[in-house]
Amino acid sequence: MIVRKTAAELEKMRRSGLLVWRVLKALERMVEPGISTMDLEVAAERMIRDAGARPAFKGYYVPAVGRQYPFVLCTSVNEEIVHGMPSPKRVLKEGDIVSIDTGVELEGYYGDSAITVPVGRISPEAERLLRVTREALELAIDRARQGNRLLDISAAIETHVQAAGFSVVRDYVGHGIGTRLHEEPQVPNYVDRRNENPRLKEGMVLAIEPMVAAGRAEVALRPDRWTAVTRDGSYAAHFEHCVAVTANGPLVLTRPEDNEP
Ligand code: MF3
Ligand code: CO
């Protein structure tokens with residue numbers, strides 16, 4: 001069942017969403033050669049707790065892995081796609097890209113967002129990967145409208161990524177979000193006729209999160225059993241926003257309204 005949210009609930013989700021946005025903005029500004037992914041983790045946890053919120057990922061049980069995720073952030077560097085774990089040993093260097101994904105729970109409602117950030121100067125191809133993935137997310141957000149169907153969102157992502165010559169990662173998908181981090185429906189970044197394709201209705205909130213590989217889409221797991229990487233070692237990018245379907249069109253909850261790209 002897809003839970004639809006009232007206007008009052010969307011207001012609460014907006015507060016969680018804006019906290020996530022504020023945290024990611026601060027972390028983005030910290031990213032430079034020489035900083036470790038654990039530096040980002042420590043700063044994020046402090047900001048979230050200072051705001052009276054709870055980190056949504058830390059201790060979250062992920063059925064596919066069969067364990068609780070141990071950190072506030074997922075920090076996935078270069079060929080790492082998702083669930084990269086912060087470490088003081090992972091020091092970022094010029095030319096890297098780092099995906100930073102985090103979620104919070106504030107007054108019972110969740111927010112979840114991700115960005116991929118360049119470390120210093122990066123290659124033109126890495127620049128293009130970030131741009132195309134960000135554009136795919138924006139095109140998908142624009143499809144989050146009453147009367148459209150779920151797979152219209154998926155198709156927008158897949159079409160844009162394929163046209164750029166990149167690959168959509170299929171092993172991880174977006175999700176509904178609200179009083180739980182993961183709610184129905186799953187929001188795939190590709191179209192498959194086997195997927196459910198409900199009509200989008202007012203009050204639905206979707207965490208849309210394209211993960212894109214510069215090369216092939218095949219995924220491998222590191223021995224830590226969390227970190228997902230591209231099998232071919234190509235770089236991967238990940239951007240995510242929580243989006244509400246409203247009578248006035250898509251409402252992005254994880255950024256201020258005057259901050260659209
Ligand atoms: N943003 C991802 C998601 O929504 C990561 C959360 S899983 C966790 O599924 F392991 F980090 F908790
Ligand atoms: Co998510």
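Note that the structure is predicted; figures quoted are calculated from it, not measured.

The next point concerns the nonpolar core. If you look at the biggest cluster of nonpolar residues, it comprises 53 residues, and the most contacted ones within it are Leu27, Val31, Val98, Ile100, Ile153 and Ile208. The biggest single contributor to this core is helix H3 (residues 124–142), with 8 residues. For Ile100, the residues in contact, after removing those within four places along its chain, are Leu24, Leu27, Val31, Leu40, Leu73, Cys74, Ser113, Ala114, Ile115 and Val117. Grouped together as the second largest cluster of nonpolar side chains are 19 residues, Tyr69, Leu181, Trp226 and Cys242 included.

With that out of the way, let us pick up the packing of aromatic side chains. A full pass over the atoms with the stated rule returns 2 aromatic pairs. Centroid distance Tyr69 to Phe71: 6.2 Å. Interplanar angle 70 degrees. Geometry classified as edge-to-face. Relative accessible area serves as the criterion here: at 19%, Phe71 is assigned to the buried category. Three or more aromatic residues link up through ring pairs in this structure, and these residues are Tyr69, Phe71 and Trp226. Note that Arg170 overlies the ring of Tyr190, its terminal NZ or CZ placed 3.9 Å from the centroid.

Another aspect to go through is the side chain of Ser87. Among the secondary structure elements, Ser87 is positioned in the loop between strand S5 (80–82) and strand S6 (97–106). Contacts of Ser87, omitting those with residues within four sequence positions, involve Ser36, Thr37 and Met38.

Looking now at the sheet that holds strand S11 (residues 205–208). Spatially, 5 strands are ordered S10-S9-S11-S16-S17 in an open sheet, and the strand pairing comes out antiparallel. Strands at the two margins of the open sheet, each flanked by one partner only, are strand S10 (183–187) and strand S17 (249–252). Between one strand axis and the next, the sheet turns by 25 degrees as a mean value, whatever way the strands run. Pairing geometry for strand S9 (residues 174–176) and S11, over 2 bridges, is antiparallel. Across the sheet, Gly176 pairs through a bridge with Leu206, a residue of S11. Its contacts with the sheet place H3 against S11, strand S16 (241–246) and S17, and it is angled at close to 20 degrees to S16.

Attention now goes to the site of ligand 1. Neighbouring residues of ligand 1: 13 residues in total, closest Asp101, Asp112, His175, His182 and Glu209. Here Asp101 contributes a side-chain N or O atom positioned 2.5 Å from a nitrogen atom of ligand 1. Residue Asp112 places a side-chain N or O atom 2.9 Å away from an oxygen atom belonging to ligand 1. About the coverage of ligand 1: the protein hides 94% of its 330 Å² of free accessible area.

In this section: H3. In this model, H3 (19 residues) spans 27 Å end to end at C-alpha, consistent with the 27 Å of a helix rising 1.5 Å per residue. Those residues of H3 lying buried are Ala126, Leu129, Leu130, Val132, Thr133, Ala136, Leu137, Ala140 and Ile141.

The rules we used
Residues numbered from 1 in each chain as written. Chains lettered and ligands numbered in written order. Predicted model: local features only at pLDDT ≥ 70, side-chain atom pairs only at ≥ 80, totals over all residues. Heavy atoms only, no water. Core = buried A, V, L, I, M, F, W, Y, C linked by side-chain atoms within 4.5 Å. Buried < 20%, exposed > 50% of the residue type's maximum accessible area, 1.4 Å probe, protein only. Helix = DSSP H or I, 4+ residues; strand = E, 2+ residues; numbered from the N terminus. Contact = heavy atoms within 4.5 Å. Phe/Tyr/Trp six-rings, centres within 6.5 Å; stacked < 30°, edge-to-face > 60°. Lys NZ or Arg CZ within 6 Å of the ring centre and 35° of its normal. Pairing = 2+ DSSP bridges. Axes fitted to C-alpha atoms, helices over the stretch in contact; angles between N-to-C directions. Near = heavy atom within 4 Å. Polar contact = N/O pair within 3.5 Å; in protein donor to acceptor, adjacent residues only side chain to side chain. Areas by Shrake-Rupley, 256 points an atom, 1.4 Å probe, with all protein chains shown as cover. Expected span 1.5 Å × (residues − 1).

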